[in-house]
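Each chain, letter by letter, is given below.
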Amino acid sequence: MALGPIIRSMFGRHEAAVANLYRSIFIDLDAYIAQVVKWVPAPRRILEVGAGEGAVTERLARAFPLAEIVAIDITPRVGRLYKGRQERVTFLQKTVQDMAVEQPGGFDFVILSDVIHHVPTALRSAIIAALRGCLASDGLLVFKDWAEDRTVIHWLCKTSDVYLTGDDVSYLDAPKLEALIETGFGAKTIVDRATIAPWRNNFAMLVRG
Ligand SMILES: C[S@@+](CC[C@H](N)C(=O)[O-])C[C@H]1O[C@@H](n2cnc3c(N)ncnc32)[C@H](O)[C@@H]1O
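The residue numbering used here restarts from 1 in each chain and proceeds along that chain's sequence as written. At least 70 in pLDDT is required for a residue's local features to be given in this predicted model, at least 80 for side-chain atom pairs to be given and counted, and no such filter applies to totals for whole chains, interfaces and linings, which use all residues.

Student: Before we move on, could you go through the overall build of the protein and cite the residues and values that matter?
Tutor: In terms of helices and strands, the protein carries 8 helices and 7 strands. When we talk radius of gyration, it's over C-alpha atoms, and the globule rule is simply 2.2 Å times the number of residues to the 0.38. For 209 residues, the compact-globule estimate of 2.2 N^0.38 gives 17 Å, and the C-alpha radius of gyration of the protein, at 16 Å, lies within 12% of that figure. A buried classification covers 36% of the 209 residues belonging to the protein. In this description, any two residues whose backbone-derived C-beta atoms lie within 7 Å of each other are considered to be in contact. Look at the contacts in the protein between residues 6 or more apart in sequence, and 67% of them connect residues 24 or more apart. Runs of H or I in DSSP of at least four residues are treated as helices and runs of E of at least two as strands, each being numbered from the N terminus. To assign burial, the other C-beta atoms lying within 10 Å of each residue's own C-beta are counted, with C-beta atoms placed from the backbone; 20 or more indicates buried, 12 or fewer indicates exposed, and intermediate counts indicate partly exposed.

Laid out in structure tokens, this is it:
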């Protein structure tokens, strides 16, 4: 059973602040967006896949005030805590596979953050293929996940993910994350890599479509 929604409802109107504080134990989202801006300075049409409640979306909307943002997730809770600008930002409950069929090549920038470890292994290749399908031919993907290792912080992250989300999470280490991307995008499509503060488990890649 997922404990996250029960615990979160106890915080009432402070839920977003508490969620942000909890997340900051594992990742500095502002440092992440600073890296994204360095990699992709002026996207026009952004697709955020697995946007969740909108924490990254909010920062993307601030960083790219002129861009159109489409944020999708399979959860009906998509965008629930988003407090950013409303114009040119759309939240949809939709799979990336459906988006790739509906708007092939429709986005010059696609971003996926901390999603793949929640996706069943058998579905991962289809998700990566669909990310590619959504990208314009000169488009860029930022792919970020929590990389598995033998540290205490990884154990803490995994344990809290299991109990809070109730998902059957499974993590890949950095080389396996790279291999997953290359099976979908091809060899040498990863053009840069970064780790995001405060832990080296926050592993992000810039990928050419
Ligand atoms: C840890 S949250 C990350 C949310 C957001 N990307 C962020 O960083 O704030 C993981 C998200 O992945 C979503 N997810 C899980 N499986 C998915 C799938 N097959 N397709 C799209 N999203 C999925 C979940 O619904 C959840 O919102």
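Student: I'd like a description of the pairing of strand E6 (residues 190–195), backed by residues and values.
Tutor: Here a strand pair is declared whenever DSSP counts at least two bridges between the two strands. Examined bridge by bridge, E6 and strand E7 (residues 202–208) share 5 bridges and lie antiparallel to one another. Opposite Arg193, over in E7, you have Met205 as the bridge partner. Counting the residues between successive antiparallel strands, the hairpin from E6 to E7 contains 6 residues.

Student: Requested: an account of the packing of helix H3 (residues 29–39) against helix H4 (residues 55–63), with residues and values cited.
Tutor: Where helices are involved, their axes are fitted lines through C-alpha atoms of the stretch in contact, as for all axes, and angles between N-to-C directions lie from 0 to 180°. It is the contact of H3 with H4, at a shortest axis distance of 10 Å, that shows an interaxial angle of 50 degrees. In this view, H3 runs oblique relative to H4, as classed from their interaxial angle. Between H3 and H4 lies a crossing of right-handed hand. Across the interface between the two elements, Leu29, Asp30, Ile33 and Val37 of H3 pack against Ala55, Val56, Arg59, Leu60 and Ala63 of H4. Oblique is the label for any angle not under 35 degrees, not over 145, and not in the 65 to 115 range, which are roughly parallel, roughly antiparallel and roughly perpendicular in turn. Should the near helix be turned counterclockwise from the far one by less than a right angle, the crossing is left-handed, whereas a clockwise turn marks it as right-handed.

Student: How would you sum up the site of the ligand? Please name residues and give values.
Tutor: Placing a C-beta atom from the backbone of each residue, we mark the residue near a molecule or strand if the atom is within 6 Å of it. Taken together, 17 residues lie around the ligand, and Gly50, Gly52, Thr75, Ser113 and His118 are the ones closest in. Residue assignment for the shell around the ligand shows that the elements contributing at least two residues are H4 and helix H6 (121–134).

Student: Explain the environment of Val119 to me, using residue names and the numbers behind them.
Tutor: By the element assignment, Val119 lies in the loop between strand E4 (107–113) and H6. In this view, Val119 contacts Arg124 and Ile127; residues no more than four positions away in its chain are not counted.

Student: Run through the sheet that holds strand E1 (residues 45–49), naming residues and quoting values.
Tutor: Two modes of strand pairing occur in sheets, parallel and antiparallel, and in both the strands are linked by backbone hydrogen bonds. Taking strand neighbours across the sheet as the criterion, the 7 strands line up as E3-E2-E1-E4-E5-E7-E6 in an open arrangement whose pairing is mixed. Edge strands, defined here as strands with exactly one partner in the open sheet, are strand E3 (89–93) and E6. Going from strand to strand, the sheet's axes swing by 15 degrees on average, the running direction of each strand aside. Against the sheet, helix H8 (residues 174–185) makes contact with strand E5 (135–146), E6 and E7, and its axis sits at roughly 20 degrees relative to E7, the strand it touches most.

Student: Describe unusual backbone geometry, naming the residues involved and giving the relevant values.
Tutor: With an omega of 5 degrees, the peptide bond running from Ala197 to Pro198 counts as cis. Structurally, the position occupied by Pro198 is in the loop between E6 and E7. Phi is positive for Asp114, which is not a glycine, with a value near 55 degrees. As for its position among the elements, Asp114 is in the loop between E4 and H6. Of note in this structure, Lys188 is not a glycine but carries a positive phi near 60 degrees.

Student: Before we move on, could you go through H8 and cite the residues and values that matter?
Tutor: Here the expected span of a helix is defined as 1.5 Å times the quantity of residues minus one. Under the 1.5 Å per step criterion, the end-to-end length of H8 is 16 Å for 12 residues, consistent within 8% with the ideal 16 Å. Leu177, Ile181, Gly184 and Phe185 are the residues of H8 that are buried. An end-on view of H8 places all buried positions within 85 degrees of arc, on one side of the element. Relative to its buried face, H8 has exposed residues pointing more than 90 degrees away, namely Pro175, Lys176 and Ala179. In this structure, the buried side of H8 is in contact with H6, E5, E6 and E7. Directly beyond the C-terminal end of H8, a positive phi value near 105 degrees is found at Gly186. The reported arc concerns the directions from the helix axis to the C-beta atoms and nothing else.

Student: Could you give an account of H3, naming the residues involved and the relevant values?
Tutor: Count 3.6 residues to each turn of an α-helix, and residues three or four apart come out pointing the same way. Turning to H3, its buried residues are Tyr32, Ile33, Gln35 and Val36. Each buried residue of H3 lies within a common arc of 155 degrees when the element is viewed along its axis, so the set occupies one face. On its buried side, H3 packs onto H4, E4, E5, E6 and E7.

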